2 protein chains.
Amino acid sequence: MDAFAALADPVRRDLVSRLANGSARVVDLAGEHAISRPAISRHLRVLGEAGLVAADDVGRERHYRLERTGLAPVADYLAALEPQPRFDDSVLDGLDLEVRRAVRDRTGTDAIIHTTTEETA
Amino acid sequence: MDAFAALADPVRRDLVSRLANGSARVVDLAGEHAISRPAISRHLRVLGEAGLVAADDVGRERHYRLERTGLAPVADYLAALEPQPRFDDSVLDGLDLEVRRAVRDRTGTDAIIHTTTEETA
DNA sequence: CAGATCGGTAACCGTTAGGTTACCAATGTG
DNA sequence: CACATTGGTAACCTAACGGTTACCGATCTG
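As the structure is a computational prediction, the values presented were derived from the model and not from experiment.

Enquirer: So what's going on with the overall build of chain A? Which residues, and what values?
Expert: Along its length, chain A carries six helices and two strands. Start at the N end of chain A and walk to the C end: the helices and strands fall as α-α-α-α-β-β-α-α. Across the 121 residues that make up chain A, the buried fraction comes to 31%. Within chain A, counting contacts between residues at least 6 apart in sequence, those at least 24 apart form 50% of the total.

Okay, structure coming up:
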């Protein structure tokens, strides 16, 4: 099950939100979620398969933690829905030439396009 | 069906992506998606209920278009999972304003906006 | 060792999701 | 008007989802 399908379930979203505040054991999560422990366990397995959660075994306990990299597909998808997915330089056209010229002149570091960041007066 | 569940289906994600490039009719979308037109129609209804898609009636045709504000719950959820809730997510930059506005506007359904903010006493 | 705790898995069950075909209303066009 | 086009809906079916209880192994602890 992919990340989208995994996050379609409100219980799993709660679990992910919960784990964003720190890792937890299955019993802890089950104690907070009104449904049975096996149900929580299976939700965690789904989240694990989606790459959203990972576990560390500590003795007989299993500490689940959020795996934020698993959120990448979702974030990427949202980003791709932006009106202009490309960098729109047109707004800065006026500055653009000067920026490039300055970069050429200096040639020191690579500097490249940090855009409007370095504006020391 | 909320936005998360709506986006859980790959066909619906395709439809949303497709509509991000411009509106389209049901027959057009059906012609691109290998499944039957009624199936597409129902997917569009689901997307509409989730606030992800809207339609303009033009004669006997119905032009579907992407409703980006419907993405607010998802973007908001992702933002809430950030390690430190700074508003520095370049990925979600464009959505940010729409997120805030949509949260104000909609507030209907479950929306999930409160995300675990209300700490237990 | 005996027993409690932690956690995964299997079996079962009701509900829902998503596909199909068939049908219907509404609108454009010869 | 006759008919094609567009698109929504209903009925139906299969597969999957998500819950439960029961059971098992593994690990701490008296």
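There's more to say after this.
Enquirer: Can you tell me about unusual backbone geometry, naming the residues and giving the values?
Expert: Phi is positive for A:Ala34, which is not a glycine, with a value near 65 degrees. Note that A:Ala34 resides in the loop between helix H3 (26-32) and helix H4 (37-49).

Enquirer: Summarise the interface of chain A and chain B; cite the residues concerned and give the values.
Expert: The partner chain B presents 24 residues to the 19 residues of chain A that form the contact. Regarding the contact of chain A and chain B, the summed buried area is about 1,900 Å², with carbon and sulfur atoms giving 68% of it. Our count for the contact surface shared by chain A and chain B stands at two salt bridges. With its nearest N and O atoms 3.1 Å apart, the salt bridge here joins B:Arg13 to A:Asp2. Here chain A and chain B share six residue pairs in polar contact (both at pLDDT 80 or more) between them. Of all the secondary structure elements, the ones that give two or more residues to the side of chain A that touches chain B are helix H1 (3-6), helix H2 (10-20) and helix H5 (72-80) of chain A.

Here is what the cut-offs are and how they apply
Residues numbered from 1 in each chain as written. Chains lettered and ligands numbered in written order. Predicted model: local features only at pLDDT ≥ 70, side-chain atom pairs only at ≥ 80, totals over all residues. Heavy atoms only, no water. Helix = DSSP H or I, 4+ residues; strand = E, 2+ residues; numbered from the N terminus. Buried < 20%, exposed > 50% of the residue type's maximum accessible area, 1.4 Å probe, protein only. Contact = heavy atoms within 4.5 Å. Buried area = accessible area lost by both parts, 1.4 Å probe. Salt bridge = Lys/Arg side-chain N within 4 Å of Asp/Glu carboxyl O. Polar contact = N/O pair within 3.5 Å; in protein donor to acceptor, adjacent residues only side chain to side chain.

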